[in-house]
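Summary of the model geometry
So the chains spell out like this:
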Amino acid sequence: TQLEVNLPPEARQKAALVHDENAGNVLLFGGEGTLQLLDDIWIWDGEQQSWSEVLGLNDRPSKRKSAAAAYDPNSGHVLLFGGESSGGVLGDTWLWNGLEQKWTSKGALPGPSARAGAQIAYDGEQLVLFGGYTLSGGKRVPLGDTWLWDGEAWTQASPEQSPPPMYFGGMSYDGNTAILFGGSL
C-alpha cells in the first residue's frame, strides 16, 4: 500500500537513498532518526515532486543505519547490504523490487562479513562493495576487502591495487568504472 503525503519523511541521517532505474523513482530506507533507528520505506517521485510512504510490508529489512545500497542493473533491483542495528553490525542481503514494491531477503548467502558504512557502486559489469566497518569493544574497525555482486551471488575479489581499509567514503559509477573517494580510515 502506498500512501501519498504532503509531508516528507522525518529528519534522519545515515539512511539508504538510491535511484531505482527500473521503477523510475528514488528509494529511501531506514537510517537514524532523532531518537531511534528506522525501517520505514519512502519513494520520491521526481515528476510529481512528492514523497509516498510504502506501508503494510511485513517482509522488510530490520531497523538500521549506514547500510550499503545501490541499484543493480543485472537484476533490475536495488540491493541493500548490512548496516548497523542497535545490536551491532549486520550481514544480510536484501533486494527491493520497485515495480512490485516489495523486499526479498536473499537469506544466508556466502558473502561479505557483517559490516556497516561500506561503499558500493556499479562498475559497468556488477556491483562492487568495498570496506566498511565492524565493531570491536564499541569502536569502529575499518575493513578493506572487496566483494562483487553479479545479480545473484557475492564473490570476493582480490584486486592488484586496493585502497586502505575505510568506511563512509563516496563511491559512484562514472560510465566506465566505479570511483571511490574519501572515507574514514
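These notes cover the structure that comes with them. (Residues numbered from 1 in each chain as written. Predicted model: local features only at pLDDT ≥ 70, side-chain atom pairs only at ≥ 80, totals over all residues. Heavy atoms only, no water.)

Bringing the sheet that holds strand β6 (residues 68-72) into the picture now. Spatial ordering of the open sheet is given by β6-β7-β8-β9, a layout of four strands whose pairing is antiparallel. With partners counted over all chains shown, the strands left at the sheet margins are β6 and β9 (102-105), one partner each. In this sheet, adjacent strand axes meet at a mean angle of 25° when their direction is disregarded. Pairing analysis gives five bridges linking β6 to strand β7 (residues 77-85), with the strands arranged antiparallel. From the neighbouring strand, Y71 faces β7, where its bridge partner is V78. (Pairing = 2+ DSSP bridges. Helix = DSSP H or I, 4+ residues; strand = E, 2+ residues; numbered from the N terminus. Axes fitted to C-alpha atoms, helices over the stretch in contact; angles between N-to-C directions.)

All told, the structure shown has 11 aromatic pairs when counted by the stated rule. Relative to W154, the ring of F81 has its centre 5.5 Å away and its plane inclined at 70°; by these criteria the two rings are edge-to-face. Residue F81 is located in strand β7, and its partner W154 is located in strand β13 (residues 154-157); the two are separated by 73 residues in the primary sequence. Comparing F81 with W154 shows no difference in burial state: the two are buried. Taking the centre distance of 6.4 Å and the plane angle of 90° together, the rings of W94 and W103 count as edge-to-face. When sorted by exposure, W94 lands in the same class as W103, which is buried. (Phe/Tyr/Trp six-rings, centres within 6.5 Å; stacked < 30°, edge-to-face > 60°. Buried < 20%, exposed > 50% of the residue type's maximum accessible area, 1.4 Å probe, protein only.)

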